[in-house]
Amino acid sequence: DTEVTQTPKHLVMGMTNKKSLKCEQHMGHRAMYWYKQKAKKPPELMFVYSYEKLSINESVPSRFSPECPNSSLLNLHLHALQPEDSALYLCASSPGQTYSNQPQHFGDGTRLSIL
Amino acid sequence: AQKVTQAQTEISVVEKEDVTLDCVYETRDTTYYLFWYKQPPSGELVFLIRRNSFDEQNEISGRYSWNFQKSTSSFNFTITASQVVDSAVYFCAIQGGSEKLVFGKGTKLTVNP
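So, on to unusual backbone geometry. Residues apart from glycine generally show negative phi values, whereas peptide bonds are mostly found in trans. All names here are of chain A. At the junction of Thr-7 and Pro-8, the peptide bond is cis and its omega measures out at -10 degrees in the coordinates. By secondary structure assignment, the location of Pro-8 is in the loop between β1 (4-7) and β2 (10-13). The phi dihedral of Tyr-51 is positive, around 50 degrees, even though this residue is not glycine. Tracing the chain through its elements places Tyr-51 in the loop between β5 (44-50) and β6 (53-57). Residue Tyr-51 is classed as partly exposed on the basis of its relative accessible area, which comes to 45%.

Set out below in structure tokens:
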């Protein structure tokens, strides 16, 4: 079992739908990350939250909206997605963004399909 | 900018064979950290090892071993006596002062019974 929990595991949505991906960790980590991974590709960083504040946005389209309600939770709100947004979305956490020697712990991911 | 090259896209071996996954990196940082992650078909990235740029000692953990050589900017990963459960995609990654984790393209390892 992973220490980073992501829900749902699978999501199918239409291009006009609004949905949210959720991520939770109880390791006391202060940095949380969203990655997007297409098939046969490495994960690509989307957002980083450090101490509940957005610190990095890798020029992600506004149809993806992250939210960090508290230090344990990270959401990714989805609206008006495109078929090319179909991918595995991975959440990760680490003790702190400044502690770059500490490994990131990843969840199982949400497999998203856009119809 | 940092870069990781995993030249082997796919490797297929028979169970009990030894296999080495290559990783070559580029960085201008003097302090940096190298990682290996395993991604089984289930999707989760599993952390395997972290190495900092000042520690060139090789490491062994059970059937896994890592060879870090700064002179050739390589951080290779060897699995001894491979097992079917080792089948996965393996990513090498680097993290430096920018704090962004940069992954290689991954090597898909298939261990056949």
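Now that the structure has been shown, we can carry on.
For the structure on display, the rule yields two disulfides over all chains. The disulfide bridge from Cys-23 of chain A ends at Cys-91 of chain A, spanning 1.9 Å between sulfur atoms. Handedness of the Cys-23 of chain A-Cys-91 of chain A disulfide follows from its S-S torsion of about -75 degrees: it is left-handed. Taken together, the residues span a long stretch of sequence, with Cys-23 of chain A in strand β3 (residues 18-25) and Cys-91 of chain A in strand β9 (residues 87-94) at a distance of 68 residues. Considered together, Cys-23 of chain A and Cys-91 of chain A belong to a single accessibility category, that of buried residues. Residue Cys-23 of chain B pairs covalently with Cys-92 of chain B via a disulfide, S to S 1.9 Å. Classification of the bridge connecting Cys-23 of chain B and Cys-92 of chain B rests on its S-S torsion, roughly -65 degrees, and on that basis the disulfide is left-handed. With Cys-23 of chain B in the loop between β3 (19-21) and β4 (24-26) and Cys-92 of chain B in strand β10 (residues 88-95), this pair connects stretches of sequence that are 69 residues apart.

How each quantity is defined
- Once a new chain begins, its residue numbering starts again from 1 and follows that chain's sequence as written.
- For naming, the first written chain is A and the first written ligand is 1, with later ones following in the order written.
- Thresholds applied to this predicted model are a pLDDT of at least 70 for local features of residues and 80 or more for the giving and counting of side-chain atom pairs; totals over whole chains, interfaces and linings are not thresholded and use all residues.
- Side-chain figures throughout are based on the complete set of non-hydrogen atoms in the structure, without hydrogens or water.
- Note on conventions: DSSP H or I runs of at least 4 residues are helices, E runs of at least 2 residues are strands, and numbering of each starts at the N terminus.
- Note on exposure labels: buried denotes an accessible area under 20% of the residue type's maximum, exposed denotes more than 50%, and partly exposed covers the range between, all computed with a 1.4 Å probe on protein chains only.
- When two cysteine sulfur atoms lie within 2.5 Å, the pair is treated as a disulfide.

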